[in-house]
Amino acid sequence: MARTPSTRILPSDITPPEVFFNRRQAIAAAIAAGVVGLAHEEPAGAASSGSGLKYTRNTRYSVNEAPNSYEDITTYNNFYEFGTDKSDPVQNAGSLRTRPWSVVVDGEAEVTGTFTLEDILKPHPLEERIYRFRCVEAWSMIVPWLGFPLGDLLKRFKPTSKAKYVQFTTLYDPKQMPGQRYPILDWPYVEGLRMDEAMHPLTLMVVGVYGKVLPNQNGAPLRLIVPWKYGFKSIKSIVKISFVERQPRNTWNVATPHEYGFYANVNPAVDHPRWSQAKERRIGNGFFAKRIDTLPFNGYADQVASLYKGMDLRRYF
Ligand code: MTE
């Protein structure tokens, strides 16, 4: 079980945006000169694999369960921009170019604009957190993600009191993302969170897995992880963050509104119209292994149930 969290964002963790964003040109120049390795720094004492990241383990927010293998996590994926089969993303996502990468921040915030990936990542120390991950299709994994709290990033943009939700958008580029040449979904993929969900310390901006830079098929270079919600909320390859007043329409809700809601909290008591959500198949245990019970809020109820106090979770599914 995950242990009860407390807020651990220190003021010293957050560089004020005016200070940080004024350093952009210096950082860009350093990167151009090859001085800043950023996403390619090696953990102290680690063998030089070329793709290791520096991070600290966060046991407080980690579950006590054995992670799935790197292979399970990186070869059994949903990333419809690269095909609809679980094995498509690993085969097709090589065409995604993740450098250079930039993220547009707009809407109800004092600091908006276009920021390089390096701008976005630089002030945030990386943590490894072992999270449960539950897909709406009733399979699950245990994943050692590397990332930092989304809330730490969002605070740097100083959202105004009008910012009630945050909307995230995936890259739209059918040349790099062949799945976007077909009208399978309403591209680009969009997701959203209520502001309090986005600021919750469990909500993670992820840049790596198993100590390494995130592979393309898992949503490189920047993807969200919201561990108490079904996997479709965890949007990949983000290019835009918008602070908005109204609840965004998320891609799967647009596709089939009666099947996928905005909240998508893992809830064994509310079935999907076409299947039960009471149990799940843990990837790696074999297809015929006994299904395990799905836990309310994916096992994170102690930490997040209070966010939904008084809400009818059958209606707001
Ligand atoms: N993000 C984008 N842009 N496109 C997608 O198709 N699939 C979602 C989510 N994020 C998806 C996405 C779904 S349904 C799941 S279960 C998770 O990504 C899968 O993440 P993983 O491949 O790292 O397991």
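This structure is a prediction, so every number in the text was calculated from the model and none was measured. (Residues numbered from 1 in each chain as written. Predicted model: local features only at pLDDT ≥ 70, side-chain atom pairs only at ≥ 80, totals over all residues. Heavy atoms only, no water.)

Chemist: Sorry if this is basic, but what is going on with the overall build of the protein here?
Modeler: The helix and strand tally for the protein stands at nine helices and 13 strands. The 317 residues of the protein split such that 54% are buried. Here the analysis covers contacts within the protein between residues at least 6 apart in sequence; of these, 71% occur between residues at least 24 apart. Taken as a whole, the protein presents about 14,200 Å² of accessible surface, with 53% of it coming from carbon and sulfur. (Helix = DSSP H or I, 4+ residues; strand = E, 2+ residues; numbered from the N terminus. Buried < 20%, exposed > 50% of the residue type's maximum accessible area, 1.4 Å probe, protein only. Contact = heavy atoms within 4.5 Å. Areas by Shrake-Rupley, 256 points an atom, 1.4 Å probe, with all protein chains shown as cover.)

Chemist: I keep staring at the site of the ligand and nothing clicks. Help me out?
Modeler: If you check the shell around the ligand, you find 17 residues, and the closest are N77, Y80, E81, R223 and K236. In this structure, E81 approaches the ligand through a side-chain N or O atom, which is 2.8 Å from a nitrogen atom. A distance of 2.9 Å separates a nitrogen atom of the ligand from a polar atom in the backbone of S234. Summarising the interface, the protein chains cover 97% of the accessible area of the ligand, which totals 530 Å² for the free molecule. Grouping the amino acids of the shell around the ligand by side-chain chemistry returns eight nonpolar, six polar and three charged. (Near = heavy atom within 4 Å. Polar contact = N/O pair within 3.5 Å; in protein donor to acceptor, adjacent residues only side chain to side chain. Nonpolar A, V, L, I, M, F, W, Y, C, P; charged D, E, K, R; others polar.)

Chemist: Can you help me understand the sheet that holds strand 2 (residues 102-107) in this one?
Modeler: Pairing is mixed in the open sheet, where five strands are placed in the order 3-2-11-6-7. Whereas interior strands pair on both sides, the edge strands pair on one side only; in this sheet they are strand 3 (113-116) and strand 7 (190-194). Strand-to-strand twist in this sheet, taken as the mean axis angle between neighbours without regard to direction, amounts to 20°. (Pairing = 2+ DSSP bridges. Axes fitted to C-alpha atoms, helices over the stretch in contact; angles between N-to-C directions.)

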